[in-house]
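# A look at the structure
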Amino acid sequence: MITDVLNEKANPMFDAQCASNGSRFRRSRPAAGLVLAALALSLSGCISIGSEPPPSLLTLTPTTQAPAGAGPSGTISGAIMVMELEAPAKLAVQRVPVQIDDSSVAYLKEAFWVEQPARLFRRLLAETIRTRSGRIVVDTDEVAVPPSESVRGTLREFGYDARTQSVIVRFDAIRSGAGDQVQTRRFESIVPGVAAEAAPVGDAINRAANDVAGQVSDWVG
């Protein structure tokens, strides 16, 4: 389950917040009769007035990028499409999930992505394949004739494990080719010894994501 409460003295860097605007929910012991009304209001609206924006936002930066100028050319049959990626509910927000134990997830304080991780990783993956393989890469869904080869999949893990103080990026990839050919493979990168703070965790996730993207690129290249 995703925890809605954490003891700040025991876990000062973690909290659980509304994904849309950062409103915080904490457990309390209100008088009988107010619990249901307060819970319904907070969950239905998720409204916060006057909340301050985070000091900075996290993003992913490719370690290698295609230079400006003409890129690869050829026919659509030789291109590869990086499709929209799936992700579990804990990653369908602009937060960094923290695995507390086998059944509890929180979010890292002051750590916000510029957009949802699956979208960031899709662009990183496309740029990495484009740069390392030299192939034509399509990373938009608005194409008249999609390439016969594609990569899609599910971003399983993209966060911090408090038990091991590690960052984990795990991606289950599906590669489709001409006809009915399909291949699957799991890719993973772990960065240990990371402090539970936004800056080092963001940097470690960026490194791990680039590592996974490189592995996928070698697989399809």
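Scroll up a little and you will see the structure.
Residues numbered from 1 in each chain as written. Predicted model: local features only at pLDDT ≥ 70, side-chain atom pairs only at ≥ 80, totals over all residues. Heavy atoms only, no water.

In this section: the overall build of the protein chain. Regarding its fold elements, the protein chain presents three helices and eight strands. Secondary structure elements in the protein chain, listed N-terminal to C-terminal, are β-α-β-β-β-α-β-β-β-β-α. Per-residue burial over the protein chain gives 42% buried out of 221 residues. Taking contacts inside the protein chain between residues at least 6 apart in sequence as the whole, the part at least 24 apart equals 67%. When the accessible surface of the protein chain is split by element, carbon and sulfur atoms take 53% of a total near 12,100 Å². (Helix = DSSP H or I, 4+ residues; strand = E, 2+ residues; numbered from the N terminus. Buried < 20%, exposed > 50% of the residue type's maximum accessible area, 1.4 Å probe, protein only. Contact = heavy atoms within 4.5 Å. Areas by Shrake-Rupley, 256 points an atom, 1.4 Å probe, with all protein chains shown as cover.)

Once that is clear, we can look at the packing of aromatic side chains. Applying the stated criterion across every chain, the model contains four aromatic pairs. Each ring, one from W113 and one from F158, has its centre 5.6 Å from the other, and the planes form 50°; the classification is tilted. One end of the pair, W113, is in the loop between strand 4 (104-112) and helix 2 (117-133); the other, F158, is in strand 6 (residues 149-161), with 45 residues separating them in the sequence. Classification of F158 as buried rests on a relative accessible area of 0%. Through successive ring pairs, a cluster of aromatic residues spans W113, F121, F158 and F171. (Phe/Tyr/Trp six-rings, centres within 6.5 Å; stacked < 30°, edge-to-face > 60°.)

With that settled, the discussion passes to the nonpolar core. Counting residues in each nonpolar core, the largest one holds 44 residues, and the members touching the most others are L60, F121, L125, F158, V167, F171 and I205. When residues of this core are traced back to their parent elements, those giving at least two are strand 2 (80-82), strand 3 (95-101), strand 4, helix 2, strand 6, strand 7 (166-176), strand 8 (182-191) and helix 3 (198-220). When neighbours within four sequence positions are excluded, F171 is seen to be in contact with L85, F121, L125, R152, G153, T154, L155, R185, R186, F187, V212 and V216. (Core = buried A, V, L, I, M, F, W, Y, C linked by side-chain atoms within 4.5 Å.)

It is the contact of helix 2 with helix 3, at a shortest axis distance of 9 Å, that shows an interaxial angle of 50°. One finds that helix 2 runs oblique with respect to helix 3. Every pair of crossing elements has a handedness; the one defined by helix 2 and helix 3 is right-handed. Side by side, helix 2 and helix 3 meet where F121, L124, L125, T128, I129, R132 and S133 of the first sit next to A209, N210, V212, A213, G214, V216, S217, D218 and V220 of the second. (Axes fitted to C-alpha atoms, helices over the stretch in contact; angles between N-to-C directions. Parallel < 35°, antiparallel > 145°, perpendicular 65-115°, else oblique. Left-handed = near helix turned anticlockwise from the far one by under 90°.)

The subject of this paragraph is the pairing of strand 7. Along strand 7, 10 of the 11 residues are buried, which leaves the element largely enclosed by surrounding structure. Taken together, the 11 bridges between strand 6 and strand 7 define a ladder with antiparallel strand orientation. Within the sheet, the bridge partner assigned to S150 lies in strand 7 and is S176. The turn linking strand 6 back onto strand 7 is made up of four residues, and Q165 within it adopts a positive phi angle of 55°. Of the strand pairs in this sheet, strand 7 and strand 8 are connected by 10 bridges, and their pairing is antiparallel. Following the sheet pairing, I174 is matched in strand 8 by T184. (Pairing = 2+ DSSP bridges.)

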